[in-house]
Amino acid sequence: QVQLVESGGGSVQAGGSLRLSCAASVYTYSSKCMGWFRQAPGKEREGVAVIYTGGGSSYYADSVKGRLTISQDNAKHTVYLQMNSLKPEDTAMYYCAASWGSCTTKGVNYWGQGTQVTVSS
C-alpha cells in the first residue's frame, strides 16, 4: 500500500521556523530514497532535500543548505523537514516523495498531496 501523508505546513514570518512531517506506509518507506520537493506558482517543481532511507545520507539544494534539515524516524516510518530561517522565497507547496530509482523530480514514483508553506516578509 502506497501512502505519503504530509503535515506541518502553515504561515510564518521571515526568519521563522516550521517542521514538516511525512508519514509513510511500510511499503513506501522501503523505497530507495525519500525527499521533499517544492513548487511555487509559475515555477517548476524542484528538489529541496533527499534522504536515502537505508543509509541516512542526505542531500540539499544549494538554496536551502544550512537552513533546512531532513531527517528520518525508522520506527515511525516518517521523514521530517526542519525549516529554519525561512525566507519569502521559500513560499511554495511542499511535496513529500518516494523513489525506487533516481532521487530526482523525474525519478519520483509516488507523491504526497502537498502541504503549503507561506513565508511573509
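Our structure's up above, just so we're on the same page.
Here's a quick rundown of the structure. Not measured: the values here are computed from a predicted model. (Residues numbered from 1 in each chain as written. Predicted model: local features only at pLDDT ≥ 70, side-chain atom pairs only at ≥ 80, totals over all residues. Heavy atoms only, no water.)

**What to know about unusual backbone geometry**
- Although it is not a glycine, His77 adopts a positive phi angle of roughly 50°.
- Turning to its location among the elements, His77 is positioned in the loop between strand 7 (68-73) and strand 8 (78-83).
- Classification of His77 as partly exposed rests on a relative accessible area of 23%.
- Of note, Ser85 is a non-glycine position whose phi angle comes to about 50°, a positive value.
- Checked against the element boundaries, Ser85 lands in the loop between strand 8 and strand 9 (92-99).
- Ser85 sits in the partly exposed class, given a relative accessible area of 40%. (Helix = DSSP H or I, 4+ residues; strand = E, 2+ residues; numbered from the N terminus. Buried < 20%, exposed > 50% of the residue type's maximum accessible area, 1.4 Å probe, protein only.)

**What about the nonpolar core?**
- Core analysis: the biggest nonpolar cluster contains 26 residues, and Met34, Trp36, Leu81, Met83 and Tyr94 have the highest contact counts within it.
- Among the secondary structure elements, those contributing two or more residues to this core are strand 3 (18-24), strand 4 (33-39), strand 5 (46-52), strand 7, strand 8, strand 9 and strand 11 (115-120).
- Not counting the four nearest positions on each side in its chain, Tyr94 is found in contact with Glu6, Leu20, Trp36, Phe37, Arg38, Val48, Leu81, Met83, Gly114, Thr115 and Val117. (Core = buried A, V, L, I, M, F, W, Y, C linked by side-chain atoms within 4.5 Å. Contact = heavy atoms within 4.5 Å.)

**Regarding the pairing of strand 11**
- Side chains of strand 11 alternate between two faces, with Thr115, Val117 and Val119 buried and Gln116, Thr118 and Ser120 left unburied.
- Bridge analysis of strand 9 against strand 11 gives 3 bridges, and the strand direction is antiparallel. Bridged to Ala92 within strand 11 is Val117. (Pairing = 2+ DSSP bridges.)

**Some details on a nonpolar patch on the surface**
- A contiguous nonpolar surface patch, about 340 Å² in accessible area, is contributed by Val2, Tyr27, Trp100 and Tyr110.
- Along the chain, Trp100 turns up in the loop between strand 9 and strand 10 (110-111). (Patch = residues over 30% accessible without salt bridge, like charges linked within 9 Å, V, L, I, M, F, W, Y side chains within 5 Å. Areas by Shrake-Rupley, 256 points an atom, 1.4 Å probe, with all protein chains shown as cover. Salt bridge = Lys/Arg side-chain N within 4 Å of Asp/Glu carboxyl O.)

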